[in-house]
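What the coordinates show
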Amino acid sequence: MSELTVTVLRLGLLVLLWVFVLSVASVLRSDLYGTRVVTRRPERAKGGRFGRRPAAPPESRPAQRAPRLPTKLVVTTGPLAGTSLPLRDSGMLIGRNPECDLVLTDEFASGRHARILRARDGWYVEDLGSTNGTYVGQYRVGDPVPLQTGGQVRIGRTVIELRG
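Structural notes, computed from the coordinates. (Residues numbered from 1 in each chain as written. Predicted model: local features only at pLDDT ≥ 70, side-chain atom pairs only at ≥ 80, totals over all residues. Heavy atoms only, no water.)

1. A short note on the overall build of the protein chain
- Within the protein chain, the secondary structure is distributed over one helix and eleven strands.
- Secondary structure elements in the protein chain, listed N-terminal to C-terminal, are α-β-β-β-β-β-β-β-β-β-β-β.
- Looking at the protein chain residue by residue over its 164 residues, the buried ones come to 25%.
- Taking as baseline every contact in the protein chain between residues at least 6 positions apart, the subset at least 24 positions apart corresponds to 35%. (Helix = DSSP H or I, 4+ residues; strand = E, 2+ residues; numbered from the N terminus. Buried < 20%, exposed > 50% of the residue type's maximum accessible area, 1.4 Å probe, protein only. Contact = heavy atoms within 4.5 Å.)

Next comes the structure, spelled out in structure tokens:
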């Protein structure tokens, strides 16, 4: 081989080595400092109201929740057993990520593991592509699955129950 070819190979190897070192440093930095915490503040829309939709007239506002529908989320098993959160009509995000509404300390939960959604006919749970899955009873959830009062959702070692 010519001297030029050897020099080009050495420089190429040096560049690859630096790319590797910088990628390792990036991974170490994210492990040491964790994820960036995002503050959630509603943006003001034009007209001074929060959100984008104007308020509905009183006669067309939806009726209050029926008493038989779940109103809170309770962790019954796992590291956060006893934790209770009120269910919001906008839904709830569950996972290990700090941006979630219910932040789990379960090592088997994903960053954004599952979402509990409100629909006209009740509450639904949806898996967000987690590694270990979300279970309702013994069945693994993929698409949104309806939940009733007393319905239990298992995420790793954590069991969450909907209560009225």
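2. Quick notes on helix H1 (residues 3-33)
- Compared with an ideal rise of 1.5 Å per residue, which puts 31 residues at 45 Å, H1 spans 45 Å between its outermost C-alpha atoms and is within 8% of the ideal.
- The buried fraction of H1 amounts to zero of the 31 residues, a small share that puts the element mostly on the outside. (Expected span 1.5 Å × (residues − 1).)

3. Focus on the pairing of strand E3 (residues 92-95)
- Here E3 shows no split at all, with Met 92 and Ile 94 on one side and Leu 93 and Gly 95 on the other all buried.
- For E3 and strand E5 (residues 114-119), the ladder comprises three bridges, and the chain directions are antiparallel. Note on E5: the bridge partner recorded for Leu 93 is Arg 115.
- Here two bridges tie E3 to strand E4 (residues 102-103), and the two strands are oriented parallel to one another. From the neighbouring strand, Gly 95 faces E4, where its bridge partner is Val 103. (Pairing = 2+ DSSP bridges.)

4. Observations concerning the pattern of salt bridges
- Under the definition given, this model contains six salt bridges.
- In this structure, the salt-bridge partner of Arg 88 is Asp 101, at a minimum N-O distance of 2.7 Å. You can see Arg 88 sitting in the loop between strand E2 (84-86) and E3 and its partner Asp 101 sitting in the loop between E3 and E4, a full 13 residues away along the chain.
- Arg 157 is paired through a salt bridge with Glu 107; the nearest N and O atoms lie 2.8 Å apart. One end of the pair, Arg 157, is in the loop between strand E10 (152-155) and strand E11 (158-163); the other, Glu 107, is in the loop between E4 and E5, with 50 residues separating them in the sequence.
- What makes Glu 107 partly exposed here is its relative accessible area of 46%. (Salt bridge = Lys/Arg side-chain N within 4 Å of Asp/Glu carboxyl O.)

5. Section: a nonpolar patch on the surface
- Residues Leu 11, Leu 14, Leu 17, Trp 18, Phe 20, Val 21, Leu 22, Val 24 and Leu 28 make up a contiguous nonpolar surface patch of about 890 Å² in total accessible area.
- Relative to the helices and strands, Leu 22 resides in helix H1.
- Taking the relative accessible area as the measure of exposure, Leu 22 reaches 54% and is therefore exposed. (Patch = residues over 30% accessible without salt bridge, like charges linked within 9 Å, V, L, I, M, F, W, Y side chains within 5 Å. Areas by Shrake-Rupley, 256 points an atom, 1.4 Å probe, with all protein chains shown as cover.)

6. Looking at the sheet that holds E5
- Strand order in the open sheet formed by five strands is E4-E3-E5-E6-E9, with mixed pairing between adjacent strands. Both outer strands of the open sheet, E4 and strand E9 (145-147), are each paired with one neighbouring strand and no more.
- Here strand E6 (residues 122-127) runs beside E9; their pairing, made up of three bridges, is antiparallel. Residue Val 125 lies in a different strand from E9, and its bridge partner there is Val 145.

7. Let's talk about the pairing of E10
- Burial along E10 is one-sided: the face carrying Val 153 and Ile 155 is buried and the face carrying Gln 152 and Arg 154 is not.
- In terms of strand pairing, strand E7 (residues 134-136) meets E10 through three bridges, oriented antiparallel. Looking at the pairing, Val 136 lines up with Val 153 of E10.
- Taken together, the four bridges between E10 and E11 define a ladder with antiparallel strand orientation.

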